[in-house]
Amino acid sequence: QDEHFKKVIAHAKEYGYIFPSSEIYDGLSAIYDYAQNGVELKKNIREYWWKAMVQMHENIVGIDAAIFMHPTTWKASGHVDAFNDPLIDNKDSKKRYRADVLVEDYVAKIEAKIEKEVAKAQKRFGDAFDKEQFLATNGRVIEYQEKAATILKRLGKSLENEDLADVKALIEELEITDPETGSKNWTDVKQFNLMFGTKLGASADSAMDLYLRPETAQGIFVNFLNVQKTGRMKIPFGIAQTGKAFRNEIVARQFIFRQREFEQMEMQFFVRPGEQKKWYETWKENRLKWHLSLGMGEENYRFHDHEKLAHYADAATDIEFRFPFGFKELEGIHSRTDFDLGNHEKYSGKKLQYFDPELNESYVPYVVETSIGLDRMFLAVFSNALQDEELENGTTRTVLKIPAVLAPTKAAILPLVKKDGLPEVARKIVDELKWDFMVQYDDKDAVGRRYRRQDAAGTPFCITVDHQTLEDDTVTIRHRDTMEQQRVPVSELRNIIFRETDM
Ligand code: ATP
């Protein structure tokens, strides 16, 4: 697994997807730049989300709010007081960790043991193996499950009650060690605020302390009435937004999974008070369907309902994805009650109520939100796509099976040889297709090597121009995933690529 993750990081760099930020200065921890292919993949994921959320829903509209917001926003939202991570230092190594993550990693190890038992039993019983039944009846597995659940429950409770002494006690009882040095010599747990501060204005005395937004959601809450009125929106309706968010993450590892600057894709759905549970369930289901529509394997997703609720929520779940380092949160679905709008009313002194013509009354709406990290989605797609495939002839090929709709380059146009007029015909095809798709012309190296290069870069189609093309205007189109080739008329190319890559 570690091996695969290392490959993912190396491949992302080698094929122009992701570079460490300011690399010539040895980089900046947990900050990354998206390269020529990465920017396309990222844009395509954003668009795929936007189409599903905004374009396909009559009652959802988008906005693009500023990153800087009035500082009182973050007082009202609770981020100044409650957007903290519990930190713990190891006295020997002087390394700093997130206390909750240490415990969660411990639980992940128990879960890995369960998976191992399952795999063992599966091997032993073959087709007759019933996983559900095994999980429900195997003594050792039940013990593991109970242990994991007890630990998570206690962690949730103590975080909820701000009982940091108990978080430390839990770490000591479980004999959790410093992952790097094995030391068990821990300090107390303290809270650490995750917001980045900055200043607005030039002179020292008139400067205003600002924060870089730690989530995009607040830009939607403060604009709620503006959008509702100007868009004549009727509840239930949603506002969607994609954009950068910033968090001073302490445990910033795992590549682009946890960054200090990242992008969120959020949708806040405004509903009648009392109807939030129904909409919460609806959005849980909708969002999972969206993920499954990409065909990255149903077995790679699971819901994880929260025991420990954030300061604003009355129900919350994560859609977890099987990343190279195990199942981790990819998207959150939260029932945020009227917490945010209610507090913005209080702090701003402005009414943020909706007049419901059917009920003939005004109220502060409840909110159900879906919040997904664009970079995390990128990592999910990219790590799932990267495969080393054994071929029939005994060789292996590296292939990046990115869903065609998300692929940065949809087709590469390759003249078989660099003479006899083939490059000119290939260029002409590029010029026709580029109006609709990202395409690439490539004439370097033997055609087999070019195929492999495009496989590794994630290009779903290679179109080869050969001598027969000069006679009958047909080309071969090779499919990345199956490596099958078909002969098709040049005039059909646009339709074929559209069929396979349209959002
Ligand atoms: P985690 O528990 O992993 O820190 P979170 O529960 O704090 O995440 P939310 O506040 O619910 O995350 O944010 C919504 C989404 O934003 C997450 O599901 C995740 O995809 C993304 N996200 C949050 N923090 C980061 C980060 N530091 N880097 C990249 N993506 C992030």
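Small disclaimer: the values here were computed from a predicted structure and weren't measured.

## A few points about the sheet that holds strand β23 (residues 485-489)
Right, so step 1: The strand order β20-β19-β21-β22-β23 describes an open sheet built from five strands, whose pairing is mixed. Each having just a single partner strand, β20 (439-441) and β23 make up the two edges of the open sheet. Averaged over neighbouring strand pairs, the angle between their axes works out to 25 degrees when direction is ignored.
Right, so step 2: As paired strands, strand β21 (residues 461-465) and strand β22 (residues 474-479) are joined by four bridges and run antiparallel to one another. Note on β22: the bridge partner recorded for I463 is I477.

## Some words on the site of the ligand
Right, so step 1: Looking at the ligand, there are 16 residues lining it, with F262, G332, S371, G373 and R376 nearest.
Right, so step 2: Of all the secondary structure elements, the ones that give two or more residues to the shell around the ligand are β10 (261-271), β13 (326-337), β16 (366-373) and α13 (374-385).
Right, so step 3: Among the elements that line the shell around the ligand, the one with the most residues is β13, at four residues.
Right, so step 4: A per-class count over the shell around the ligand returns three nonpolar, five polar and eight charged.

## A short note on the domain arrangement of the chain
Right, so step 1: Here the chain is described as being made up of domain 1 (1-73 + 196-394), domain 2 (84-193) and domain 3 (409-501).
Right, so step 2: Each of domain 1 and domain 2 was reduced to a C-alpha centroid, and the two centroids are 26 Å apart.
Right, so step 3: Classifying every residue of the side of domain 1 that touches domain 2 by side-chain character gives two nonpolar, one polar and two charged.

## Description of the UniProt feature "binding site: substrate" (unreviewed entry) in the chain
Right, so step 1: Sequence positions flagged by UniProt for "binding site: substrate" (unreviewed entry) are, in local numbering, R98, E215, F262, E263, Q264, M265, E266, E369, T370, S371, I372 and G373. For this annotated set, covering 276 residues, the C-alpha atoms extend up to 25.8 Å from each other, a dispersed arrangement in space.
Right, so step 2: Looking at where E215 falls in the secondary structure, it is placed in the loop between β8 (208-211) and α9 (217-221).
Right, so step 3: The class for E215 is partly exposed, based on 19 C-beta atoms found within 10 Å.
Right, so step 4: For E215, the residues in contact, after removing those within four places along its chain, are A245 and Q264.
Right, so step 5: Secondary-structure assignment places F262 in strand β10.
Right, so step 6: Not counting chain neighbours up to four residues away, the residues in contact with F262 comprise A245, G373 and D375.

Scoring rules and cut-offs
Residues numbered from 1 in each chain as written. Predicted model: local features only at pLDDT ≥ 70, side-chain atom pairs only at ≥ 80, totals over all residues. Pairing = 2+ DSSP bridges. Helix = DSSP H or I, 4+ residues; strand = E, 2+ residues; numbered from the N terminus. Axes fitted to C-alpha atoms, helices over the stretch in contact; angles between N-to-C directions. Near = placed C-beta within 6 Å. Nonpolar A, V, L, I, M, F, W, Y, C, P; charged D, E, K, R; others polar. Domains from an automatic or database assignment. UniProt positions renumbered as here; feature names shortened; annotations may be inferred. Buried ≥ 20, exposed ≤ 12 C-beta atoms within 10 Å, placed from the backbone. Contact = placed C-beta atoms within 7 Å.

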